[in-house]
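Architecture at a glance
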Number of protein chains: 2
Amino acid sequence: MQKNRQTTIIDIAKQLGVSPSTVSRALHNHPSISAETKKNVLALAEKYSYQPNLLALSLLNKRTGIIGIVVPEITSYFFATVISGVQDMVSSAGYKLLICQSNESFEEEKKLLQDMALLRVDGVLISPTFRTKTFDHFDRLKSAGIPLVIFDRDCPHYKADKVLVDSYDGAYQAVEYLIKTGRHNIAHIAGPIAFPTFKQRLDGYLNAHYDNNIPIRSELIVYSDGFSSDYGVDAFVQLIARNKKLDALFAVNDAVAIGAMRVIRENGYRIPEDISVVGFDDESYAQYYFPPLSTVWQPVYELGMLSAKILLDHFASKELGERFRYEILKPELVIRESSISLS
Amino acid sequence: MQKNRQTTIIDIAKQLGVSPSTVSRALHNHPSISAETKKNVLALAEKYSYQPNLLALSLLNKRTGIIGIVVPEITSYFFATVISGVQDMVSSAGYKLLICQSNESFEEEKKLLQDMALLRVDGVLISPTFRTKTFDHFDRLKSAGIPLVIFDRDCPHYKADKVLVDSYDGAYQAVEYLIKTGRHNIAHIAGPIAFPTFKQRLDGYLNAHYDNNIPIRSELIVYSDGFSSDYGVDAFVQLIARNKKLDALFAVNDAVAIGAMRVIRENGYRIPEDISVVGFDDESYAQYYFPPLSTVWQPVYELGMLSAKILLDHFASKELGERFRYEILKPELVIRESSISLS
DNA sequence: CTGTTAGCGCATTCAC
DNA sequence: GTGAATGCGCTAACAG
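Identification of chain A as Transcriptional regulator, LacI family from Parapedobacter indicus is taken from an unreviewed UniProt entry.

This is the structure:
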C-alpha cells in the first residue's frame, strides 16, 4: 500500500511556520494561545483530517486506554453478555476494549496475556480456562503493574479480585425445586468437575438432596468431560443404559440439557410428565425450546458491569493494595414448561 | 498502583555497563556481537523478564501487528465462528486480533473504526451494521492507508474487498426443496429488507416460486423489523391472524424460526406434518431443537479464514490496487426433521 | 504568547 | 564488536 503517512503535528507546524508545540497547544485548548494561530491550526487540522497518533501518546503517558478481556469462548450467551456489560462500562469511562478468546486452551491463555502485557493494556479482565491450574502468567501481569480481575470462573487458591456467580446456590435452588415438585429420582449430568463452577453445581445438587432427606443415588450422576450438547447426548445415553428409575434431570447447563432432551424423547419419555428437566444459563434459545426449558438465570450483564467497575476503580485508586474484592452474584431459578409438579 | 516501570533495554544496558544498542543487538541475534556480552544480556533479560515495548516498536515501524474486526454482534453462532476463522488465520501470521462489536449501531461503528485508526491497526475486517448506508468512515480508513475487507454483509454500491455468502442461493435451495416436497403454500418471515442479505433471502424465496411455477401469495410474507426469536413470534402471530392456507415456513434465520415454531405449536399445528419449517444459519442449537431444525448451513469458518487471508495478502503486496477481490461462498441446505415430504 | 529542549523505548544508521 | 547519534509523534518543562 502506498506510503500513506498520516499528517502529523509537525506537518501542520511546518506549513504554518510555527513550532510543533504551538500546534499541540492549539489542538488542546491551551489557555495561552492566540485566537489567530489557533484558528489556523484547527483549519489545517480539519483540512488534513489530522488524527493524533495514539501510539506516541501511549508511549508518552504510559497508558494506552485499552482494557483487555480474555474469555474461554465468545459463542455462548453467557460470555457474550458479560462482554456487553463490560463494554458499556469501560467505554463510558473512555476506554477501549480488546476482546480475546482462549478457546479453553491454557497455552492460548498464556499467549494472550503475554500479548496484552506487551501491548501495555491498562488492565485485564479474565475468565480462565478450566485447565488453568497455575497462575504465573497472572502474577507476571500484576508485577508489570497491570491490574487483573477474575470473573465467573474461580481459581480457589489464587488471590485476586474476583466477581463470581453463586453456582452452588443456583444448583441448589433448581434441585430443591425439583424435589418439592415431587421428583425424588433426579439425575445430574455434571460438567468436568475439575472446574470449580461445575463442582459447585454438583455440590448444590448433592446438598439439596441431603437437606431434604432424599437419598443420593450415585448411579444417577454422570460426569462429562465437556459441556456442549454432544456431551449431553452421550451422558443421557449412559443414564438410559444404566436402566435406573429416574423422573428428573438437572443438567450442568442448557446446552447439555437440550442434548439430553433429544435422547429422552428418542427413548419415548415425555417432558415434563415423565422427566422434568432443568438446565443452567438461560441461553437465548431456552425459552423457545420445546418445551420451554426451565433453567437458572444468572445476572450476566451485571457481572460484566461489576467486573469492569472494579477494574476501573483500580485506576482511580492508584493502589494495587493487598485487599482484594470478592463479589458473589446470586442467580435465579426460571421455571418453564420442561418441568412440572408430579402430583 | 505502584510505579512499576517495566525493565527496559536501557536498564539492562546500564547494569552491564554497555550501550543500549548493544543490548538491542544481543536480543536480536545480531551477527556481530560477542558470545560473552550476548550471554550476559540474555541472562539479565531473563532475570528481569524483559518485555520489549510494543508501543515503541509500533511507533518506530509504523505497524502494530494488530488487525481489527468489527461485527454487529458476537452472540450469534455465525459471527462467533467467523471470528474463530479469522483468529486462526491471523494469529498463524503473527498478528493479534482486536475484536469489537457495533451492536448494530451506526454511531458505534463509526466510533470503533475511528478508534482503530487512532490505534493504527494494520488492517480491518468489518461486517457493517444494517443501518450503514454511508461509507465515509470506510474511506477515511483507506485514505489513512489501512486496508479494509468487508465480509458477510454487502454494501451494494461501495467498492471494496468483499467476502460474502450467497444468501440468495441458500434461500432458493431451501424454498425449492420445500416446493419439491409438495409444499405450495410457503410462508416467509423476512428480516429487515433494507438489509441486502435479507433482501436476497426474500428474492431467493420469490424466484424459487417463479421458476417452479408456483404463484406467489403476498399474504404469506411477513416483513419483520428485526431478526431475533421475538420477531419470529410476532410474525407468525400475524400470519395466523391472516388465516390463510399455509403448509410451510421459510424463516429468515434460525432464531426467527424457533420463535415462530412456538406459535405454530401453540396453535395446534404439527411440525413437520402440517407445517414444514426451514431456517437459516444452522445455529448450534438447531440440530438439538425439537424437532431438529432444517436449515441452511453457511461456510462460516471458511468465511473468516478467507476474509483474513485477503487482508493479509494486502500486507504482502503492499499495493492498495484498484482491483477489489469479490468472493462468494456457497451455503448448503441441511435437511432435518422439521420438514418432511407431503406425499 | 511561542519556540526550544528533552524524553517516552527502541532499532538503525554511522562511526570507531 | 561496540558506542553515539538519530528519529518514530507527541507533550511538558523551561525559556524567552
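From this point, the discussion proceeds with the structure in view.
**Description of the overall build of chain A**
Broken down by element type, chain A carries 12 helices and 12 strands. Relative to the compact-globule value of 20 Å for 343 residues, chain A shows a C-alpha radius of gyration of 26 Å, a clear excess of over 25%. Projected onto its principal axes, the C-alpha coordinates of chain A cover approximately 90 × 40 × 35 Å. Looking at the 343 residues of chain A, the share that counts as buried comes to 57%. Across chain A, every contact between residues at least 6 apart in sequence was considered, and the portion connecting residues at least 24 apart equals 73%.

**Quick word on the nonpolar core**
One recurring pattern in soluble globular proteins: nonpolar side chains tend to sit buried together. With 100 residues, the main nonpolar core has Phe236 and Phe250 of chain A together with Phe236 and Phe250 of chain B as its most contacted residues. Excluding anything up to four places from it in sequence, Phe236 of chain A contacts Ile189, Leu246, Leu249, Ala260, Val263, Ile264 and Ile275 of chain A. Val82, Ala308 and Leu312 of chain A together with Val82 of chain B belong to the second-largest nonpolar core, a separate cluster that totals 56 residues.

**Details of unusual backbone geometry**
With an omega of 10°, the peptide bond between Ile271 of chain A and Pro272 of chain A qualifies as cis. Structurally, Pro272 of chain A can be placed in the loop between helix 11 (254-266) and strand 9 (276-278). The omega torsion across Phe290 of chain B and Pro291 of chain B is -10°, close enough to zero to call that bond cis. Its place among the elements puts Pro291 of chain B in the loop between strand 9 (276-278) and strand 10 (295-297). The phi dihedral of Ser49 of chain A is positive, around 40°, even though this residue is not glycine. Following the sequence through the fold, Ser49 of chain A ends up in the loop between helix 3 (35-47) and helix 4 (54-61). Exposure remark for Ser49 of chain A: the relative accessible area of 43% places this residue in the partly exposed category. Phi angles above zero are rare outside glycine, and Asp282 of chain B is one such case at about 55°. Of note, Asp282 of chain B is situated in the loop between strand 9 and strand 10. On the basis of relative accessibility, which here comes to 13%, the residue Asp282 of chain B falls in the buried class.

What counts, and where the lines are drawn
- Residues numbered from 1 in each chain as written.
- Chains lettered and ligands numbered in written order.
- Predicted model: local features only at pLDDT ≥ 70, side-chain atom pairs only at ≥ 80, totals over all residues.
- Heavy atoms only, no water.
- Helix = DSSP H or I, 4+ residues; strand = E, 2+ residues; numbered from the N terminus.
- Rg over C-alpha atoms; globule rule 2.2 N^0.38 Å.
- Buried < 20%, exposed > 50% of the residue type's maximum accessible area, 1.4 Å probe, protein only.
- Contact = heavy atoms within 4.5 Å.
- Core = buried A, V, L, I, M, F, W, Y, C linked by side-chain atoms within 4.5 Å.

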